[in-house]
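# Close look at the chain arrangement
Here is how the chains run, residue by residue.
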Amino acid sequence: MNQRVLNFFSCFLSLFFFIHFLPGLAHAQDQELLKHPRNMFFPPLTFVLPKAERTVLSNGMVLYLFQDPEIPLIKVTALIRTGSIYDPAPKSGLAQLTATLLRTGGTVDQTPQAINEALEFMAAELEFPMGRESGAASLSVQKKDFPRALPLLANLFTKPGFDPIQLDLAKKQEIESIRRSNDNPEEIAYREFRRFLYEGNPRGQIPTIESIESIQREDLVGFHRQFYKPNNIILGISGDFAKAEMITSLEKAFGGWGRSLIEFPFVSTPAPHDKKLIYYAPKDLPQSTILMGHLSIPLNHPDYIPFKVLNFILGGGGFNSRLTREIRSNQGLAYNVGSFYQGRIGYGVFGAFCQTKSSSTHKVISLIYEITAGLKKEVPTFEEMDWAKKTLINQFIFSFTSSASIVSQEMQLEYDGLPEDYLEKYQERVGAVTFEDLERVAGKHLHPEKSLLLVVGKEENFDQPLSSLGPVNRIELKKYQ
């Protein structure tokens, strides 16, 4: 066989390969890409749970440390057992103002301006957030500036100035925020939902202009003295530092802040409603905001994980969940629809939400009731349960994407009083959820028939009156000048 014949066969084989095999490979890749995400299979994600190191300072402050030398930054976070649930009713808003002034009110020996300039010079970030059932603090600073930033943080914690001028400014900002609070229908819906869900409980208190105006500097001093104590704080530090040096620095910065007895005012656990309640807040808008929900089981309840999986199937899991699939994808009635479940200390909150055009308000409410109640009659399919469990297990990894989040997870675990091995066993517990579990928790813990429904919108344009669903309580939104 001469060379020309060999070249001919070589070209022929190459051409045959390109024509017959490469299109097949491309077709196979296209087919893989066109699969529905639910039908795509990946090997299970595995990872070793990172752990922060726990210790306690001499004054009782609990400390979590996680060393991460990758970037020359240090982040400090603090959790304080306090919150707006401890606001005296006539002074609702006190906890928030105290936290605001911790950041902006200076210290007994530093003006607010001096602190702002120091933070700006270091390009440091410092905040004091306040929630309903906890307070917090966070400091992010470059490693080289940490020796200057730590005493500043310690002074704000231990010797706040609560500057009267800054207090007056913060009160005006809070009052302006209240004046605008009826502009946003979503804000109205969640605020009023919370007010009636927790009716008669401090968790349902809403600051008013009168309550903010009544708050004086001595109220902030008293609130700080009552709750801001080292033995009431969990401190977390992550970033580029050496453990021994860090503990020495913390002992020096907070060493003069002695532990003392903390007397927490009694706050009862909110009680669930025993019947369906409907509230309507009129608002001249082309769109309705709908919230339906009720109190639920706490974070440490044995059914917490199965109920979390059930909520994921109902509306917490996005496009594949039942509420979104039916109301948004199949019927095109809403852009924003879903459900949520938050387990907290002593109780939990379950809810479903939707925003839809006025003319489909009644239909959407009926669908929310129907689909939620349907979970009590129709057990999720194997595909639904398998998808929910795998998604929750895989999402869990993203709770540990930074050294700060690793520390934060362990701080929250201690704050909530959960077992030390809670995080280690989380994925195993999700994976162990069965059909029987979902059927049981749906029957025991889903109560659309005793839920609170709150609607913000223009009833004249609804497809049917709300009264067809039951007695309606009308909320008159205050008009501020």
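To start, this report covers the structure provided alongside it. (Residues numbered from 1 in each chain as written. Predicted model: local features only at pLDDT ≥ 70, side-chain atom pairs only at ≥ 80, totals over all residues. Heavy atoms only, no water.)

## Topic: the packing of aromatic side chains
If you walk through the whole model with that rule in mind, you get 20 aromatic pairs. When the ring of tyrosine 86 is compared with that of phenylalanine 227, the centres are 4.9 Å apart and the planes differ by 25 degrees; the resulting orientation is stacked. With tyrosine 86 in the loop between strand E3 (73-80) and helix H3 (94-104) and phenylalanine 227 in helix H9 (residues 217-227), the pair connects residues that are 141 residues apart, well separated along the chain. For the ring pair tyrosine 86 and phenylalanine 264, a centre distance of 6.0 Å and an interplane angle of 40 degrees mean the geometry is tilted. Of this pair, tyrosine 86 sits in the loop between E3 and H3 while phenylalanine 264 sits in the loop between helix H10 (243-254) and strand E7 (277-282), and the two are 178 residues apart along the sequence. Overall, tyrosine 86 belongs to the buried group, its relative accessible area being 17%. (Phe/Tyr/Trp six-rings, centres within 6.5 Å; stacked < 30°, edge-to-face > 60°. Helix = DSSP H or I, 4+ residues; strand = E, 2+ residues; numbered from the N terminus. Buried < 20%, exposed > 50% of the residue type's maximum accessible area, 1.4 Å probe, protein only.)

## Regarding the side chain of lysine 171
Tracing the sequence through the fold places lysine 171 in helix H6 (residues 164-179). For the buried residue lysine 171, which engages in no salt bridge, the nearest side chain bearing the opposite charge is aspartate 168, 5.7 Å off. Ignoring anything within four residues of it in the chain, the contact list for lysine 171 reads Leu97, Ile212, Glu213, Ile215 and Gln216. (Lys, Arg positive; Asp, Glu negative; His and termini not counted. Salt bridge = Lys/Arg side-chain N within 4 Å of Asp/Glu carboxyl O. Contact = heavy atoms within 4.5 Å.)

## Structural notes on empty space enclosed by the protein
Throughout the structure, instances matching the rule amount to one cavity of 30 Å³ or more. Its volume calculated, the largest cavity comes out at about 40 Å³. Glu186, Tyr190, Thr289, Ile290, Asn336, Phe353, Cys354 and Gln355 together form the lining of the largest cavity. Elements supplying a minimum of two residues to the lining of the largest cavity: helix H7 (185-197), strand E8 (287-296) and strand E10 (348-357). (1 Å grid on protein atoms, 1.4 Å probe; cavity = no way out; pocket = protein on both sides within 12 Å on 5 of 7 lines; lining within 4 Å. Points joined across faces, edges and corners; volume = space filled by probe spheres on them.)

## Concerning the sheet that holds strand E9 (residues 334-343)
Across the sheet, six strands lie side by side as E9-E10-E8-E11-E7-E12; this open sheet has mixed pairing. Looking at which strands have only one partner, the edges of the open sheet turn out to be E9 and strand E12 (472-474). Recorded for the sheet is a direction-independent mean angle of 15 degrees between the axes of neighbouring strands. Inspection of the sheet shows E9 paired to E10 by nine bridges, in the antiparallel sense. Within E10, the residue paired with tyrosine 341 across the bridge is phenylalanine 350. Its contacts with the sheet place helix H13 (residues 361-377) against E8, E10 and strand E11 (452-457), and it is angled at close to 25 degrees to E8. (Pairing = 2+ DSSP bridges. Axes fitted to C-alpha atoms, helices over the stretch in contact; angles between N-to-C directions.)

## Considerations on the pairing of E3
Most of E3 is tucked away, with six of its eight residues classed as buried. Sheet analysis places E3 next to strand E5 (residues 135-142), joined by eight bridges and oriented antiparallel. Bridge pairing in E5 links leucine 73 to glutamine 142.

## Regarding the nonpolar core
Within the largest apolar cluster, 64 residues are counted, with the highest numbers of intra-cluster contacts made by Ile327, Ile368 and Leu453. Sequence-distant contacts of isoleucine 327, that is, excluding residues within four places in its chain, are made with Gly332, Leu333, Ala334, Val337, Cys354, Val364, Leu367, Ile368 and Ile371. In this structure, Ala78, Ile85, Leu152 and Phe223 belong to the second largest nonpolar core, which totals 55 residues. (Core = buried A, V, L, I, M, F, W, Y, C linked by side-chain atoms within 4.5 Å.)

## A closer look at H13
Along its 17 residues, H13 runs 25 Å from first to last C-alpha, staying within 8% of the 24 Å computed at 1.5 Å per residue. Listed as buried for H13 are Thr361, His362, Val364, Ile365, Leu367, Ile368, Tyr369, Ile371, Thr372, Gly374 and Leu375. (Expected span 1.5 Å × (residues − 1).)

## Some details on the packing of helix H14 (residues 382-396) against helix H16 (residues 422-431)
Any two packed helices are characterised by how steeply their axes cross, that is the angle between the axes, and by the distance between the axes. At a closest axis distance of 9 Å, the pairing of H14 and H16 adopts a crossing angle of 165 degrees. As summarised for this structure, H14 and H16 are arranged roughly antiparallel, according to the angle between their axes. Crossing geometry of H14 relative to H16 is assigned as left-handed. On the side of H14, the interface is formed by Lys389, Leu392, Ile393 and Phe396, while H16 contributes Leu423, Tyr426, Gln427, Val430 and Gly431. Residue composition of the contact of H14 with H16, grouped by class: six nonpolar, two polar and one charged. (Parallel < 35°, antiparallel > 145°, perpendicular 65-115°, else oblique. Left-handed = near helix turned anticlockwise from the far one by under 90°. Nonpolar A, V, L, I, M, F, W, Y, C, P; charged D, E, K, R; others polar.)

## A look at the environment of tyrosine 190
Along the chain, the position of tyrosine 190 falls in helix H7. For tyrosine 190, a relative accessible area of 31% puts it in the partly exposed group. Each C-alpha atom, one on tyrosine 190 and one on arginine 328, is 21 Å from the other, the two residues being 138 residues apart in sequence. Residues contacting tyrosine 190, with those up to four places away along its chain left out, are Leu291, Phe340 and Phe353.

## Observations regarding the pattern of salt bridges
Within the structure shown, the criterion is met by 23 salt bridges. One salt bridge connects aspartate 219 with lysine 91, and the closest N-O pair in it is separated by 3.2 Å. Linking aspartate 219 in helix H9 with lysine 91 in the loop between E3 and H3, this pair joins segments that are 128 residues apart in sequence. Glutamate 133 is the salt-bridge partner of arginine 203, the closest N and O atoms lying 3.0 Å from each other. Here glutamate 133 lies in the loop between strand E4 (125-127) and E5 and arginine 203 lies in the loop between H7 and helix H8 (209-214), a separation of 70 residues in the sequence. Here the salt bridges share partners, and the residues they tie into one network are Asp303, Asp437, Arg440 and Lys444.

No statement about biological role is implied by the geometric values presented.
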